[in-house]
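# Chains, contacts and geometry: an overview
Take a look at the letters that make up each chain.
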Amino acid sequence: MDMHHIRYFLAVCETLNFTRAAEKCNVTQPALSRAIQQLEEEVGGLVFRRERNLTHLTDLGALLRPRLQQIMDEVNDVKKDVRKFLTLEDANVTLGIMCTIGPTRFTGLLAEFRVRYPGVTLKLVEGIPERLSEQLEAGDLDIAIMAAAEGFPERFDIEPLYRERFLVAFSAGHRFEKMDVVPISAVDGETYLLRANCEYDGKLSDVLRHCQAGVNVAYASEREDWIQNMVAGGLGICFIPEFSAVVPGLQTRPVTDPEVWRDVCLASMSGRRHSPAVSSFLKAVRAHDWPQGRYAPERSAA
């Protein structure tokens, strides 16, 4: 049984006339009659009773009608959903965002995309790079935006979006407040608050050791807001990326000797075909004019 059998059957049910049903389906009457005959052979009985100019449903036809109508309705719903999906009237994009990336750099991009594609829902999934990589590979994420101190897996296609410099954060009145930049060596002896999800923690620790700058780790947390509020409250210092969302009262200065930078990148699975919605979002990300920060994005040996 094919869909055209169902469509022709329902048309005859509606019109109770083979000629008008054929016109409704835009086919010849003989073609419609053959299709009805094939349907009857398939189900094993007559579905219509034709008496001169009168056509009636048989009991078998009456039994089939609601079931075949439900099938036709479901198929039409599927076609409608597919059309909306392909034309971006009702589609989804699942975007992984590294939890240490601040939102300020992305609000412009998200607003522009929403205006252009109001039917696309963006789901933002926050996580650490290792977890985002697993989700991206498993297909739970369409694409991800993240950074990696040691590079990315070869199975990913990586496109750099922007660079941001690491800053040292401290409370008002701290000795660093009088400096324009803070040499790494100057943090020696400071009480340090560890951002547990920072993907550059190992790199920063290496820089501290190289500069013989020892810090006293007093607190550690996965919560960026907790770390920043404790720093603002005078409990110690921490390193944060330039474009982090900063809580009120937190003071920052760029670190130097050496400078430390990170590249925030767009990651996708190599060779994976994307839906129209994902492809449109990728184009928007690539075309976006990423705003520059306060510090020139010069390359650093760190």
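Just so you know, these numbers come straight off a predicted model, no measurement behind them. (Residues numbered from 1 in each chain as written. Predicted model: local features only at pLDDT ≥ 70, side-chain atom pairs only at ≥ 80, totals over all residues. Heavy atoms only, no water.)

## Side note on the nonpolar core
Generally speaking, nonpolar side chains in soluble globular proteins are found buried as a group. Core analysis: the biggest nonpolar cluster contains 35 residues, and Ile101, Val120, Ile145, Tyr162 and Phe281 have the highest contact counts within it. Sorting the residues of this core by element identifies β3 (91-98), α5 (107-116), β4 (120-127), α6 (129-138), β5 (143-146), β6 (156-170), β12 (261-269) and α9 (276-287) as the ones contributing at least two each. The residues touching Ile101, leaving out its near neighbours within four places in the chain, are Phe106, Ile145, Met146, Tyr162, Arg262 and Val264. (Core = buried A, V, L, I, M, F, W, Y, C linked by side-chain atoms within 4.5 Å. Buried < 20%, exposed > 50% of the residue type's maximum accessible area, 1.4 Å probe, protein only. Helix = DSSP H or I, 4+ residues; strand = E, 2+ residues; numbered from the N terminus. Contact = heavy atoms within 4.5 Å.)

## Thoughts on a negative patch on the surface
On the surface, a cluster of negative charge is made up of Asp73, Glu74, Asp77, Asp81 and Asp90. The residue Asp77 is located in helix α4 (residues 59-86) in this model. (Patch = residues over 30% accessible without salt bridge, like charges linked within 9 Å, V, L, I, M, F, W, Y side chains within 5 Å. Areas by Shrake-Rupley, 256 points an atom, 1.4 Å probe, with all protein chains shown as cover. Salt bridge = Lys/Arg side-chain N within 4 Å of Asp/Glu carboxyl O. Lys, Arg positive; Asp, Glu negative; His and termini not counted. Charge placed at Lys NZ, Arg CZ, Asp CG, Glu CD.)

## Considerations on the pattern of salt bridges
Applying the stated rule across the entire model yields twelve salt bridges. With its nearest N and O atoms 3.4 Å apart, the salt bridge here joins Arg131 to Glu134. Here Arg131 pairs with Glu134, and both are found in helix α6, just three residues apart, close to one helical turn. A relative accessible area of 42% means that Arg131 is categorised as partly exposed. The shortest N-O distance in the salt bridge between Glu190 and Arg175 comes to 3.0 Å. Of this pair, Glu190 sits in the loop between β7 (182-183) and β8 (191-195) while Arg175 sits in the loop between β6 and β7, placing them 15 residues apart in sequence.

Functional significance is not addressed by these values, which are geometric in nature.
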